[in-house]
Amino acid sequence: MLKEKQLQNAPYEKLKFYQNICEIRKRIYKITERFCKSHIRLVSQMRDAARSSKQNIREGYRKDTVGEFRHSIKISAGSLNELEGDVDDCFEDGLITQEENNKLKDLLGKTNYQIDRYIDSLNKLDMEGKWKSRFKK
């Protein structure tokens, strides 16, 4: 029970970019429901990229080093970039509406910006030796 409670209150869950990634994953799942039977591979790739974006943050945080966490966030950003390309393709192919495209692109853009700023702050913490490990060594 205690471990479950700790995971529910993980500090990364307060990060705006993580919250955005969770929202992106939900939107992608909902939007792709419409064409999940006709574009099975595309839907699978989009959902996997959205899921990976979220899960990499969780995994990297658990490794408990600033370097691993930063690396995992960069991998997450790569998955978002892949997803953004798929969103572009979906719009070009008429699978999503202009409104859906605009909302997703806006959220993806904001999230990428926030990730870049957060990585900058992690770099600063690392250089100053201020990253605090959750576990005593």
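Quick notes on the rules
Residues numbered from 1 in each chain as written. Predicted model: local features only at pLDDT ≥ 70, side-chain atom pairs only at ≥ 80, totals over all residues. Heavy atoms only, no water. Salt bridge = Lys/Arg side-chain N within 4 Å of Asp/Glu carboxyl O. Helix = DSSP H or I, 4+ residues; strand = E, 2+ residues; numbered from the N terminus. Buried < 20%, exposed > 50% of the residue type's maximum accessible area, 1.4 Å probe, protein only. Contact = heavy atoms within 4.5 Å. pLDDT = per-residue confidence, 0-100. Axes fitted to C-alpha atoms, helices over the stretch in contact; angles between N-to-C directions. Left-handed = near helix turned anticlockwise from the far one by under 90°. Nonpolar A, V, L, I, M, F, W, Y, C, P; charged D, E, K, R; others polar. Core = buried A, V, L, I, M, F, W, Y, C linked by side-chain atoms within 4.5 Å. 1 Å grid on protein atoms, 1.4 Å probe; cavity = no way out; pocket = protein on both sides within 12 Å on 5 of 7 lines; lining within 4 Å. Points joined across faces, edges and corners; volume = space filled by probe spheres on them.

## Some details on the pattern of salt bridges
Pairing between side chains becomes possible if they bear opposite charge and their charged atoms approach one another. According to the stated counting rule, one finds 11 salt bridges in the structure shown. D120 is the salt-bridge partner of R117, the closest N and O atoms lying 2.9 Å from each other. Of this pair, R117 and D120 are both found in helix α5 (residues 98-128), 3 residues apart, which corresponds to roughly one turn of the helix. Here R117 falls in the partly exposed class, since its relative accessible area comes to 39%. Judged by relative accessible area, which is 41%, D120 ranks as partly exposed. Ionic contacts of the salt-bridge type, sharing partners, join the residues E59, K63 and E68 into one network.

## Quick look at the environment of S79
Structurally, S79 can be placed in helix α4 (residues 66-92). Considering only alpha carbons, one finds S79 and G67, 12 residues apart in sequence, at a separation of 19 Å. Not counting the four nearest positions on each side in its chain, S79 is found in contact with A49, S52, S53 and N56.

## Section: the side chain of N20
Among the secondary structure elements, N20 is positioned in helix α2 (residues 16-32). Among all residues touching N20, those that are not within four sequence positions of it are L107, T111 and Q114.

## Observations concerning the confidence of the model for the protein chain
In the predicted model, the protein chain carries a mean pLDDT of 91, and the fraction of residues at 70 or more is 91%. Mean pLDDT in the protein chain bottoms out at helix α1 (residues 2-8), which sits at 53, and peaks at α2, which reaches 97.

## With respect to the side chain of S76
With respect to the secondary-structure elements, S76 resides in helix α4. Residue class for S76 comes out buried when judged on its relative accessible area of 0%.

## Comments concerning the packing of α2 against α4
Packing of α2 against α4 brings their axes to within 12 Å, and their N-to-C directions diverge by 35°. The hand of the α2/α4 crossing is left-handed. In this structure, α2 contributes F17, I21, I24 and I28 to the contact, and α4 contributes I73, S76, L80, L83 and V87. Among the residues forming the contact of α2 with α4, the class breakdown is 8 nonpolar, 1 polar and no charged.

## Comments concerning the nonpolar core
Counting 35 residues, the largest nonpolar core has F69 and I73 as its most contacted members. Listed by contribution, the elements that provide at least two residues to this core are α2, α3 (40-62), α4 and α5. Look past the residues within four positions of I73 in its chain and what remains in contact with it is F17, I57, I115, Y118, I119 and L122.

## Observations concerning the layout of surface pockets
Size it by volume and the second largest pocket reaches roughly 160 Å³. Residue lining of the second largest pocket: R27, K30, I31, R34, E99, E100, K103 and L104, and that is the complete set. Those elements that place two or more of their residues in the lining of the second largest pocket are α2 and α5. When residues in the lining of the second largest pocket are grouped by element, the largest group, 4 residues, is from α5. The residue makeup of the lining of the second largest pocket, split by class, is 2 nonpolar, no polar and 6 charged.

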